[in-house]
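# Residue-level structural notes
Residue strings, one per chain:
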There are 4 protein chains.
Amino acid sequence: MAFEIPIRIYWEDTDAGGIVFYANYLRFFERARTEWLRAALGLGQRELAAKAGGMFVVSEANVKYRSPARLDDELLISAAVQDAAGATVMIEQSARLRAGGSVLCEGLFRLAWVDAAKMRPARIPQHILEKLH
Amino acid sequence: MAFEIPIRIYWEDTDAGGIVFYANYLRFFERARTEWLRAALGLGQRELAAKAGGMFVVSEANVKYRSPARLDDELLISAAVQDAAGATVMIEQSARLRAGGSVLCEGLFRLAWVDAAKMRPARIPQHILEKLH
Amino acid sequence: MAFEIPIRIYWEDTDAGGIVFYANYLRFFERARTEWLRAALGLGQRELAAKAGGMFVVSEANVKYRSPARLDDELLISAAVQDAAGATVMIEQSARLRAGGSVLCEGLFRLAWVDAAKMRPARIPQHILEKLH
Amino acid sequence: MAFEIPIRIYWEDTDAGGIVFYANYLRFFERARTEWLRAALGLGQRELAAKAGGMFVVSEANVKYRSPARLDDELLISAAVQDAAGATVMIEQSARLRAGGSVLCEGLFRLAWVDAAKMRPARIPQHILEKLH
């Protein structure tokens, strides 16, 4: 079962078309990845950088917009590892309406582990990698 | 007791200074006002416009920045009516750290009721006004 | 030659990692598409909806993050039609450093024409389509 | 004469009310302050931190919302020093329509100079202060 967090749509998320602005789903997906990592590793983003000496950065994003979300909507944002090895993790995510569950937006993200000191791509530390499966 | 909602600080909220970007507290304050109205009126923003024929818009914002919030911080955002009469509501809000409770940011907001059809300021409907005290 | 607009990186665009937050490139790409349409059609977004009875919405986004942008950087954001037919337009975009020109981020976007009244996908009006090639 | 920069309103700036979301004027005002400092000091934000060892942070914001801006609008955002002494600068700003010039939003901001190393308020370096008048 995929990890999920609830998201409420506020004025800040919408645009003059009356729907959620397309870039904002990437904000929602990032929140879900952060909470998923917090649950999987027991670490926040700052602790991760401090203790594991690095962080995950998005190197590729593929997003499909199926149907719009609107003001006041409650969404469920999922995050599930598709593959994790070497220096990268592939994560599948979706945004669906809590009421009814129809999928509004789907994303596939390639995350690269970056050494915090050198700001260079590096292999994911083994103790992190083990907890991602 | 003031109405409060919890907010987690994510990457999207921070800036290159390592702290929450100053405009984003206005996003947090708006979320708290929306949830406070949902609790007080039992209406979301779209229902409010549909059923009461109007909405509240911010006509003045006064914000004091005391101390910065950082990535992963958990904040409590409050909303409390200071005064409500005629066409305006004055709302006091604060953002404080859940851990320790120190106040990071305080805001005082003047909200004006706007007729949804005419997009003109108007008196707050009596049945709304009664629920705001 | 691709259409390009300059973008300056401000505090609002960066995150606590000291770089531009990944979702914000979608904001930059949207600005460039809007200015490209203004140049190609001689219409702003509101005029387009009013005169052509519809608007373009993003149905798919593919973004590759090559290298980070930082505070104060000047970027050039491009937009070029790859294909336009029926109800969809494929647009290639990139964000590169004005100084040196190295490409930081690339995007491929599928835009769908949506009838403003029905909010339904529809064929791109012929007089619009002709101006996109 | 006040320093001014032009701003175009894009989809990202608007909300489901069809107008610019109130927090976004603080983004526009920050852009204008950054460009004003670049013009006055000949320094970007990163150079300022590197060469002067500090930065300006907003400690208080007072914003009055007069009339809404809409998608495609062109605004002029001004920045003018009202007072600068010791550790603080008071800056008056406005957002007005380029067409017609009516003022949509006004802001008064208190900026505090912060020592970059200690992240503590400090006196504004004399060579900076002289250039702000």
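Above: the structure in question.
Residues numbered from 1 in each chain as written. Chains lettered and ligands numbered in written order. Predicted model: local features only at pLDDT ≥ 70, side-chain atom pairs only at ≥ 80, totals over all residues. Heavy atoms only, no water.

Next up on the list: helix α2 (residues 45-52) of chain D. Residue and element names in this part refer to chain D. Along α2, the residues classified as buried are Gln-45, Leu-48 and Ala-52. Looking straight down α2, one finds its buried side chains confined to an arc of 60 degrees; they lie on one side. Turned more than 90 degrees away from the buried face of α2, the exposed residues are Ala-50 and Lys-51. On the buried face of α2, the contacting elements are α1 (24-41), β2 (54-65), β5 (103-115) and α3 (126-131). Downstream of α2 by a residue or two, Gly-53 has a phi angle that is positive, lying close to 70 degrees. (Buried < 20%, exposed > 50% of the residue type's maximum accessible area, 1.4 Å probe, protein only. Helix = DSSP H or I, 4+ residues; strand = E, 2+ residues; numbered from the N terminus. Arc of directions from axis to C-beta. Contact = heavy atoms within 4.5 Å.)

A few words now on the packing of aromatic side chains. In the structure shown here, the tally under the stated rule is 28 aromatic pairs over all chains. Plain terms: the ring middles of Tyr22(A) and Phe109(C) are 6.3 Å apart, the flat faces sit at 70 degrees to each other, and that makes the pair edge-to-face. One end of the pair, Tyr22(A), is in the loop between β1 (3-8) and α1 (24-41); the other, Phe109(C), is in strand β5 (residues 103-115), on a second chain. Accessibility assignment for this pair places Tyr22(A) and Phe109(C) in one class, buried. Through a chain of ring-to-ring contacts, the aromatic side chains of Phe21(A), Tyr22(A), Tyr25(A), Phe28(A), Tyr65(A), Phe29(C) and Phe109(C) assemble into a single cluster. Taking NZ or CZ as reference, Arg33(B) lies 4.8 Å from the ring centre of Phe109(B), over its face. (Phe/Tyr/Trp six-rings, centres within 6.5 Å; stacked < 30°, edge-to-face > 60°. Lys NZ or Arg CZ within 6 Å of the ring centre and 35° of its normal.)

What follows covers the interface of chain B and chain D. You'll often see interface size given as the accessible area lost when the parts meet. Taken residue by residue, the interface counts 17 residues in chain B and 17 residues in chain D. Run the count over chain B and chain D and you get two salt bridges. Across the salt bridge formed by Glu60(B) and Lys64(D), the nearest N and O atoms sit 3.6 Å from each other. Those elements giving two or more residues to the side of chain B that touches chain D turn out to be α1 (24-41) and β2 (54-65) of chain B. Take the side of chain B that touches chain D: its biggest share by element is eight residues, from β2(B). A class-by-class count of the residues in the side of chain B that touches chain D yields ten nonpolar, two polar and five charged. When β2(B) meets β2(D), the two strands line up antiparallel, connected through five bridges. In the sheet register, Val63(B) faces β2(D), and the bridge partner there is Ala61(D). (Salt bridge = Lys/Arg side-chain N within 4 Å of Asp/Glu carboxyl O. Nonpolar A, V, L, I, M, F, W, Y, C, P; charged D, E, K, R; others polar. Pairing = 2+ DSSP bridges.)

We now examine the interface of chain A and chain C. Taken together, the contact between chain A and chain C spans 17 residues of the former and 17 residues of the latter. Interface of chain A and chain C: buried area, both sides summed, is about 1600 Å²; carbon and sulfur atoms make up 62% of it. On the chain A side of the interface with chain C, the three residues burying the most area are Tyr22(A), Leu26(A) and Tyr65(A), jointly 31% of the side's total. Taken together, the links from chain A to chain C amount to two salt bridges. Run the count over chain A and chain C and you get eight residue pairs in polar contact (both at pLDDT 80 or more). Within the residue set of the side of chain A that touches chain C, elements represented by two or more residues are α1 and β2 (54-65) of chain A. Within the side of chain A that touches chain C, the residues separate by chemical class into ten nonpolar, two polar and five charged. (Buried area = accessible area lost by both parts, 1.4 Å probe. Polar contact = N/O pair within 3.5 Å; in protein donor to acceptor, adjacent residues only side chain to side chain.)

Here the focus is the relation of the copies chain A and chain C. Note on the copies: chain A fits chain C at an RMSD of 0.0 Å, the axial shift is 0.0 Å, and the rotation between them is 180 degrees. The two molecules are tied by a two-fold rotation axis, judged by turn and shift. Taking the C-alpha atom as reference, chain A places Asn62(A) closest to the rotation axis, 2.2 Å from it. Take the interface residues of chain A: 100% of them recur as interface residues in chain C, which is what a same-surface contact looks like. (Least-squares fit on C-alpha atoms with pLDDT ≥ 70 in both.)

The subject of this paragraph is the relation of the copies chain B and chain D. Of the transformation superimposing chain B on chain D, the axial component is 0.0 Å and the angular component is 180 degrees, with the fit at an RMSD of 0.0 Å. Comparing interface residues between copies, 100% of those in chain B also sit at the interface in chain D, which points to an isologous, same-surface contact.

With that settled, the discussion passes to empty space enclosed by the protein. A water-sized probe, rolled over the atoms, reveals where empty space remains. Across all of its chains, the model carries one cavity of 30 Å³ or more by this definition. Computed from the structure, the largest cavity encloses a volume of approximately 410 Å³. Lining the largest cavity are 26 residues; nearest its centre among them are Arg27(A), Arg27(B), Arg27(C), Asn24(D) and Arg27(D). Of all the elements in the fold, those that place two or more residues in the lining of the largest cavity are α1 of chain A, α1 of chain B, α1 (24-41) of chain C together with α1 of chain D. Here the residues of the lining of the largest cavity sort into nine nonpolar, eight polar and nine charged. (1 Å grid on protein atoms, 1.4 Å probe; cavity = no way out; pocket = protein on both sides within 12 Å on 5 of 7 lines; lining within 4 Å. Points joined across faces, edges and corners; volume = space filled by probe spheres on them.)

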